[in-house]
Each structure stands twice: as structure tokens, then as C-alpha cells.
Amino acid sequence: KAGVTQTPRYLIKTRGQQVTLSCSPISGHRSVSWYQQTPGQGLQFLFEYFSETQRNKGNFPGRFSGRQFSNSRSEMNVSTLELGDSALYLCASRGSGANVLTFGAGSRLTVL
Amino acid sequence: KQEVTQIPAALSVPEGENLVLNCSFTDSAIYNLQWFRQDPGKGLTSLLLIQSSQREQTSGRLNASLDKSSGRSTLYIAASQPGDSATYLCAAPANAGGTSYGKLTFGQGTILTVHP
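A brief structural summary. (Residues numbered from 1 in each chain as written. Chains lettered and ligands numbered in written order. Predicted model: local features only at pLDDT ≥ 70, side-chain atom pairs only at ≥ 80, totals over all residues. Heavy atoms only, no water.)

## Regarding the overall build of chain B
Thought 1: Helix and strand counts for chain B stand at zero helices and 11 strands.
Thought 2: Across chain B, helices and strands are ordered from the amino to the carboxyl terminus as β-β-β-β-β-β-β-β-β-β-β.
Thought 3: Its C-alpha atoms give chain B a radius of gyration of 14 Å, within 12% of the compact-globule value 13 Å for 116 residues.
Thought 4: Seen along its three principal axes, the alpha-carbon backbone of chain B occupies a region of about 45 × 30 × 20 Å.
Thought 5: Here chain B, with 116 residues, has 46% of them falling under the buried criterion.
Thought 6: Summarising the internal contacts of chain B: among those between residues at least 6 apart in sequence, 56% fall at separations of at least 24. (Helix = DSSP H or I, 4+ residues; strand = E, 2+ residues; numbered from the N terminus. Rg over C-alpha atoms; globule rule 2.2 N^0.38 Å. Buried < 20%, exposed > 50% of the residue type's maximum accessible area, 1.4 Å probe, protein only. Contact = heavy atoms within 4.5 Å.)

Here it is in C-alpha cells:
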């Protein structure tokens, strides 16, 4: 059974640009959550999608957005990148009735 | 608002030692708590999930306990090995009322180094 797949694994952008990250959950999982991890702030929740609907949202500015497709794949987008957006972005999926979150390997974003 | 604290921030032990990692949370009305491991530059690997109805959960050399009344959880690692070196994170539902789903509050982690 394939795990959670995140693409791209590494990317470098410059300030002001935008970026889109992709997450494919475990087959059959309909819930996808996104987290940002930085050395200073640790792991912080961004948002969660279930059946194409945003179910929870963290305290991030509107530059951070996401969506989920009918096949449960999810994307997150960050517009007008800032240096502080440099981080490891982690995606996790969760099955129906299950509480365990399974994480992907992450997408490491560097903003120059 | 749920807050999660982990002590110690870092721990260095010789191989073979038994050790305990601590996690405390402020909102005790949680329905579960999860422990993760993270290797440098990698994603998180789920180690153990304890439901609120359980007091302990075991997997191999790992044992996690949960005491909701005191707002504490511990992760016990028996006979530590160099391969156990990693950052260990605990996470509790952000909204203890049961609406958190995939929204977890993480501690800052304990960096464990097991030297031969």
C-alpha cells in the first residue's frame, strides 16, 4: 500500500513568487492535513480538507491556501512568498474512523 | 487552546539504557494522543496512538502511557540503540471536544542521541 506522496521534495523560489505543493494521500483516505515546520516555530497546522471541503484552518495569513480534488489529492498554494515561508511543508492523510495521521516525506521550500 | 510541552528538549544516553520522554498537555479532555518520530530532514513516522480509554500502548521496545487527569503522557524506550536517535514528538488534538480530526498540536520535540 503506497504511503503519502508529496511533490516536489525540494524547491527554491524567490521572494514575491508563488508556489504550489501537491499531496497524494493513502488510497482510500479522504482527509488531508497540511503542516508547516520551521526550526523556530516547530510544527504548525495549516489546514485540513475532507471530501473537497476545508474542515479546519490554522492561524496563517490568506497567502496560504489549499484545495482538495475529487480523488482526494490536495494542493496547497503560497502566494507572494516571503523569506519566512522557508520551511518543511508536511502533508498527512487519515482514514475514515481512524485517528492515526500518516505523514508524507515533506516538501522543503527555500525562499531566497 | 491546547498547548503541548515536551521535556527534556534534548537527551544523550549510552546504548542499552532505558529512557523516558515526557509530554504534557493543557486541555485534558483529549480523546487520544499520538507519538511520532522524525529523522533529520524527513517526515514524521507514527509510533504509537493512545486512545483516551487506554492507559498504555506498546509496540516492541516502546511503551506509551497516558494520564488525562494530570495532563501527561510518557514514552518509554527500553534498551536504547543508536538507531533510535531521532526527534520524538507528541501531539494532541487541538480541539479536545472531538472536532479536531486532522488538526493536532505538537510539542517542540525531544532530540534523542544514543551513542554506542
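After presenting the structure, the write-up continues.
## A short note on the state of the cysteines
Residue and element names in this part refer to chain B.
Thought 1: Scanning the entire structure with this criterion turns up two disulfides over all chains.
Thought 2: Covalent S-S linkage joins cysteine 23 and cysteine 90, the inter-sulfur distance amounting to 1.9 Å. Taking the sign of the S-S torsion, about 75 degrees here, the bridge from cysteine 23 to cysteine 90 comes out right-handed. Pair noted here: cysteine 23 is in strand β3 (residues 19-25) and cysteine 90 is in strand β9 (residues 86-93), with a separation of 67 residues, a long-range link.
Thought 3: Residue classification places cysteine 90 among the buried positions, given a relative accessible area of 0%. (Disulfide = S-S within 2.5 Å.)

## Considering unusual backbone geometry
Residue and element names in this part refer to chain A.
Thought 1: Across the junction of threonine 7 and proline 8, the peptide omega takes the value -10 degrees, indicating a cis bond.
Thought 2: Residue position: proline 8 is located in the loop between β1 (5-7) and β2 (10-13).
Thought 3: Positioned with a positive phi, serine 51 is a non-glycine residue whose angle comes to about 50 degrees.
Thought 4: Along the polypeptide, serine 51 turns up in the loop between β5 (42-50) and β6 (53-57).
Thought 5: Since its relative accessible area comes to 31%, serine 51 is described here as partly exposed.
Thought 6: For glutamate 52, which is not glycine, the phi dihedral falls at a positive 70 degrees.

## Digging into the interface of chain A and chain B
Thought 1: Between chain A and chain B, the residue contacts involve 23 residues of the former and 22 residues of the latter.
Thought 2: At the boundary of chain A with chain B, total buried surface from both sides reaches about 1,600 Å², with 53% on carbon and sulfur atoms.
Thought 3: At the junction of chain A with chain B, the criterion picks out zero salt bridges.
Thought 4: The interface formed by chain A and chain B contains five residue pairs in polar contact (both at pLDDT 80 or more).
Thought 5: With four residues, the top contributor of residues to the side of chain A that touches chain B is β5(A). (Buried area = accessible area lost by both parts, 1.4 Å probe. Salt bridge = Lys/Arg side-chain N within 4 Å of Asp/Glu carboxyl O. Polar contact = N/O pair within 3.5 Å; in protein donor to acceptor, adjacent residues only side chain to side chain.)

## Focus on the nonpolar core
Residue and element names in this part refer to chain B.
Thought 1: If you look at the biggest cluster of nonpolar residues, it comprises 22 residues, and the most contacted ones within it are Leu33, Trp35, Leu75, Ile77, Tyr88 and Leu112.
Thought 2: If you list the elements that add at least two residues to this core, you get β3, β4 (32-38), β5 (44-51), β7 (62-67), β8 (72-77), β9 and β11 (110-115).
Thought 3: Not counting the four nearest positions on each side in its chain, isoleucine 77 is found in contact with Glu17, Asn18, Leu19, Arg61, Leu62, Asp84, Tyr88 and Leu112. (Core = buried A, V, L, I, M, F, W, Y, C linked by side-chain atoms within 4.5 Å.)

## A short note on the pattern of salt bridges
Thought 1: Taken as a whole, this structure holds seven salt bridges over all chains when the rule is applied.
Thought 2: Of the charged contacts in the structure, one is a salt bridge between Arg63(A) and Asp85(A), with a shortest N-O distance of 2.8 Å. With Arg63(A) in the loop between β6 and β7 (64-68) and Asp85(A) in the loop between β8 (74-78) and β9 (87-94), the pair connects residues that are 22 residues apart, well separated along the chain. For the pair Arg63(A) and Asp85(A), a shared accessibility class is recorded, and that class is buried.
Thought 3: Here Arg61(B) and Asp84(B) are joined by a salt bridge, their closest N and O atoms 2.8 Å apart. Pair noted here: Arg61(B) is in the loop between β6 (56-59) and β7 and Asp84(B) is in the loop between β8 and β9, with a separation of 23 residues, a long-range link.
Thought 4: Using a relative accessible area of 30% as the deciding quantity, one classes Arg61(B) as partly exposed.
Thought 5: Note on Asp84(B): relative accessible area 7%, which makes it buried.
Thought 6: Each of Arg63(A), Glu82(A) and Asp85(A) takes part in salt bridges that share partners, so that together they form one network.

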